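Each chain, written out:
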Amino acid sequence: MVGGFLEHISSPADVKALDPKDLPALCHEIRTTLVRYGKLHGGHIGSNLGMVEATVALHRVFDSPLDKIIFDVSHQSYVHKMLTGRAPAYMDERLFGTVTGFTNPKESEHDMFVLGHTGTSISLACGLAKTRDMMGGLKGTSGTRNVIAVIGDGSLSSAIAFEGLNNAAEQGTNMIIVVNDNEMSIAEDFGGMYGQLAQLRASGGTSQPNIFNAFGLDYRYVEDGNDVLALVDAFSQVKNIDHPIVIHIHTAKGLGLDAEDAAAGVKEGRCEANHWQDPLANQGSPLGARKHYGRMAMARLEQRFASEPGLMVISPATPGSNGITREFRERAGSHYVDTGITEEHAVAFASGIAKAGGTPVLATSATFFQRTFDQLQQELSLNGTPVTLLVFGAGISGADNTHSGAFDIPMFANIPGLTYLTPTSGDAFLAMLDWSTTSREHGAVAIRVPGEPILAAERAAETHGSAYPRYRGGTTEADAASKAGNGTMPFTRYRVTRQGSDVTILGLGNMYPLAERIAADLAESSDDGTAAINATVIDPQQCTSLDTACLEALRGRHSLVVTLEDAQLSGGWGEQVTAYYANQNAVKPTDGNECMRVLNFGAAKEFTDRVPAQDLYERYGLTVPQVEQAIRSALRQHLCE
């Protein structure tokens, strides 16, 4: 553990008790602790290193939790956590991971909200300030005094941030908006307002037009945002102010990263790699699914740029995490557009491109697509524009509770006119991408980028020569129809990859390898002497329509259908299969058809926070032994009936 001031700080009161001359030493110790933490554990290191002095100054001047501090996105809240009783989680290796990477009221009264998406701090602050004003004001009994929203320059590009600024000016009462300007978003900043921020920096905050003044907000500038004493002075001057004000501080992202970090590509300043740092011990590890399949998609599209001027890749920030490398971006030139952290705009922008005859491919995380629901429904689906969406990070994972991808299927699969494809291999992924970007005879198409289960299965097949079924296109009537030019979607029909009887297992997307493993296990006699079961395995390919012809064809030889999906079960795809058979069983009771029973396996309707994926699979029954036991039990019950 690191010794010194930090280990004796358990609350902001301890920061206030320090002699002013000791504050720089505290900041140095915090920075040293963060650099070590990043090497060993990883995390959002760059933004936190830039915010060390500002956070110390905030807790020196203001009285949290009476004064409310809201960190936008809150990935820059590590220092705040250190100063509010959680320093051991960053100092002691045994405690790494015991606190989340974002603010969380369950951890501390100093954390106002669970936050992980961007642009919302000012709006949240407006709500806190409005209620304070209605209940007695700064000196009243509301339990709230100063309201401070901390937001980065990258987050300012979000539409909701502008909406919050607009509302803050209208309210006209105490609100302190700290704009942390480190000249970076996740990658570089993109947007017209960043030229104005640059002019403000160059002029010491005096240039006009001033975007914040234009909203009707007061404004002050602090050039050295990494000078703790200058920040203490600036914040002291605005404490208990009677109107909204922006304190624009210029900081250095990743300040304090050392030569060892630099050798791993994680450097101080405007360096994309310092946004998220992996532990140094992970250097050289194979790419994860997001980057692996993302790079695969970009390589496929890049081959067409020279001959297709309208083909464009759009990323609302976060390009690197999705395999959109800096080298690709440089080669792509104007074929690549980073819109900044503006998911809603990015979707509407893509619809405009498609309407004009272009071919847009918009790539971001499942969790961020949630922010675009209205645009997905209105600007894309209602207008029928042929936009391709690459949905990364979908499915069950060990993510924190703000970044779960397990809610994607109930959202995408239930929007009229939008097709949600679920590839089960890299080959299928590219085939779907080829179709969606070469045919215009469709509306919006979302492709669920394969996840870790599929990548692991493909790598195992390559290493061991196992028989993981490869995708082969051009084999169905729909494929032939599409190639003939009549626009039929070639992935409507389910793919039967293993023919059996008694039970059919439909493995959607990432769950397809699990379906194969279950079928292989069922083919062996169980320990209790139960006979082997030769199961049928199906790759549905998509989850926006049912292949009723396939589902009907299962009758007779099969009495049980099992659906597997790594997404929220409630409102999801498996329930549609269940509803179909239930309705058919009800309306055709005397047709001689087998009454099909269905077992659905998927995620519960819940938020999960950093629970390992394998633990979640077990919680939801998505493991070979659990599903096999359920199948054998259901079939035994059927025989008894």
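Below you will find a few notes about this structure.

What counts and how
- Residues numbered from 1 in each chain as written.
- Predicted model: local features only at pLDDT ≥ 70, side-chain atom pairs only at ≥ 80, totals over all residues.
- Heavy atoms only, no water.
- Helix = DSSP H or I, 4+ residues; strand = E, 2+ residues; numbered from the N terminus.
- Rg over C-alpha atoms; globule rule 2.2 N^0.38 Å.
- Buried < 20%, exposed > 50% of the residue type's maximum accessible area, 1.4 Å probe, protein only.
- Contact = heavy atoms within 4.5 Å.
- Core = buried A, V, L, I, M, F, W, Y, C linked by side-chain atoms within 4.5 Å.
- Pairing = 2+ DSSP bridges.
- Axes fitted to C-alpha atoms, helices over the stretch in contact; angles between N-to-C directions.
- Arc of directions from axis to C-beta.
- Parallel < 35°, antiparallel > 145°, perpendicular 65-115°, else oblique.
- Left-handed = near helix turned anticlockwise from the far one by under 90°.
- Right-handed = clockwise from strand over helix to strand, strands pointing away.

1. Observations concerning the overall build of the protein chain
Link 1 in the chain: Along the backbone of the protein chain there are 26 helices and 16 strands.
Link 2 in the chain: Relative to the 2.2 N^0.38 estimate, which gives 26 Å for 641 residues, the radius of gyration of the protein chain is 27 Å and therefore close to what a compact globule would have.
Link 3 in the chain: Counting only residues that meet the buried cut, the protein chain has 57% of its 641 residues in that class.
Link 4 in the chain: Partitioning the contacts of the protein chain with sequence separation of at least 6, the portion at a separation of at least 24 is 76%.

2. Focus on helix α5 (residues 78–86)
Link 1 in the chain: Counting buried residues along α5, eight of its nine residues qualify, which places the element largely inside the surrounding structure.
Link 2 in the chain: Buried within α5 are the following residues: Tyr78, Val79, His80, Lys81, Met82, Leu83, Thr84 and Arg86.
Link 3 in the chain: Those residues of α5 that are buried are in contact with α1 (12–17), α2 (23–40), α3 (45–50), α4 (52–61), β1 (68–71) and α6 (88–91).

3. Focus: the nonpolar core
Link 1 in the chain: In terms of nonpolar packing, the biggest core is built from 62 residues, with Leu390, Val503, Ile505, Ile518, Leu564, Leu622 and Ile631 touching the most fellow members.
Link 2 in the chain: Membership of the second largest hydrophobic core comes to 50 residues, among which are Leu6, Ile9, Leu34 and Val232.

4. Re the sheet that holds strand β16 (residues 597–603)
Link 1 in the chain: Here five strands make up an open sheet; going across it, the order is β12-β14-β13-β15-β16 and the pairing mixed. Two strands lie at the open edges of the sheet, namely β12 (495–498) and β16, each paired on one side alone. Each adjacent strand pair in this sheet contributes to an overall mean axis angle of 25°, direction not counted.
Link 2 in the chain: Pairing of strand β15 (residues 558–568) with β16, which is carried by six bridges, proceeds in the parallel orientation. Along β16, the bridge assignment pairs Thr563 with Asn600.
Link 3 in the chain: Across the sheet, helix α22 (residues 512–522) is in contact with β12, β13 (502–507), β14 (536–539) and β15; its angle to β13 comes to roughly 155°.
Link 4 in the chain: Sheet contacts for helix α24 (residues 573–587): β13, β15 and β16; angle to β15, the most-contacted strand, approximately 155°.

5. What to know about helix α9 (residues 193–202)
Residues spaced three or four apart along an α-helix point in a common direction, a consequence of the helix completing one turn every 3.6 residues.
Link 1 in the chain: Here α9 has its buried residues at Met193, Tyr194, Leu197, Leu200 and Arg201. Seen end-on, α9 carries its buried residues on one side only, within an arc spanning 110°.
Link 2 in the chain: Buried residues along α9 sit in contact with α8 (159–171), β3 (175–181), α10 (211–214), β4 (218–222) and β5 (244–250).
Link 3 in the chain: Following α9 by one or two positions, Gly204 adopts a phi angle in the positive range, close to 70°.

6. Considering the sheet that holds strand β7 (residues 336–338)
Link 1 in the chain: The parallel open sheet is built from six strands, whose spatial order is β7-β6-β8-β9-β11-β10. With one partner strand each, in any of the chains shown, β7 and β10 (419–421) form the two edges of the open sheet. Averaged over all pairs of adjacent strands, the angle between their axes in this sheet comes to 20°, without regard to strand direction.
Link 2 in the chain: Pairing between strand β6 (residues 311–315) and strand β8 (residues 359–365): four bridges, direction parallel. Bridging across to β8, Ile314 finds its partner in Leu362.
Link 3 in the chain: Set on the sheet, helix α15 (residues 343–355) makes contact with β6, β7 and β8; between it and β8 the angle comes to about 165°.

7. Here's the deal with the packing of α2 against α4
Link 1 in the chain: For the pair α2 and α4, interaxial distance at closest approach is 9 Å and the crossing angle is 130°. The pairing of α2 with α4 is recorded here as oblique in orientation. Judged by the twist between their axes, the crossing of α2 over α4 is right-handed. Note on element contacts: α4 touches α2 through Val52, Glu53, Val56 and Arg60, opposite Leu23, Leu26, Cys27, Ile30, Arg31 and Leu34.

8. Quick look at unusual backbone geometry
Link 1 in the chain: For the bond from Ser64 to Pro65, the omega torsion is 10°, close enough to zero to count as cis.
Link 2 in the chain: The residue after Gln208, namely Pro209, is reached through a cis peptide bond having omega 5°.
Link 3 in the chain: Checked against the element boundaries, Pro209 lands in the loop between α9 and α10.
Link 4 in the chain: Although it is not a glycine, Ala317 adopts a positive phi angle of roughly 65°.
Link 5 in the chain: Within the secondary structure, Ala317 is located in the loop between β6 and α14 (326–332).
Link 6 in the chain: The backbone of Arg610 sits at a positive phi, close to 60°, despite the residue not being glycine.

9. Digging into the environment of Met91
Link 1 in the chain: With respect to the element layout, Met91 can be found in helix α6.
Link 2 in the chain: Separated by 34 residues in sequence, Met91 and Ala125 have C-alpha atoms that sit 31 Å apart.

10. Quick word on the pairing of β5
Link 1 in the chain: By the criterion of burial, β5 is predominantly enclosed, with seven of the seven residues buried.
Link 2 in the chain: Looking at chain direction, β3 and β5 are connected through seven bridges and run parallel. Bridge pairing links Val178 to Ile247 in β5.
Link 3 in the chain: Tracing the backbone out of β4, into helix α11 (residues 228–238) and back to the parallel element β5 gives a crossover that is right-handed.

11. Remarks on the environment of Thr364
Link 1 in the chain: Here Thr364 is to be found in strand β8.
Link 2 in the chain: Residue classification places Thr364 among the buried positions, given a relative accessible area of 1%.
Link 3 in the chain: Linking Thr364 and Gly310, residues 54 residues apart in sequence, is a C-alpha distance of 20 Å.
Link 4 in the chain: In contact with Thr364, not counting residues within four places along its chain, are Pro316, Thr318, Asn322, Phe369, Leu390, Val391 and Phe392.

12. A few points about the pairing of β4
Link 1 in the chain: For β4 and β5, the ladder comprises five bridges, and the chain directions are parallel. If you follow Val222 over to β5, its bridge partner there is Ile249.

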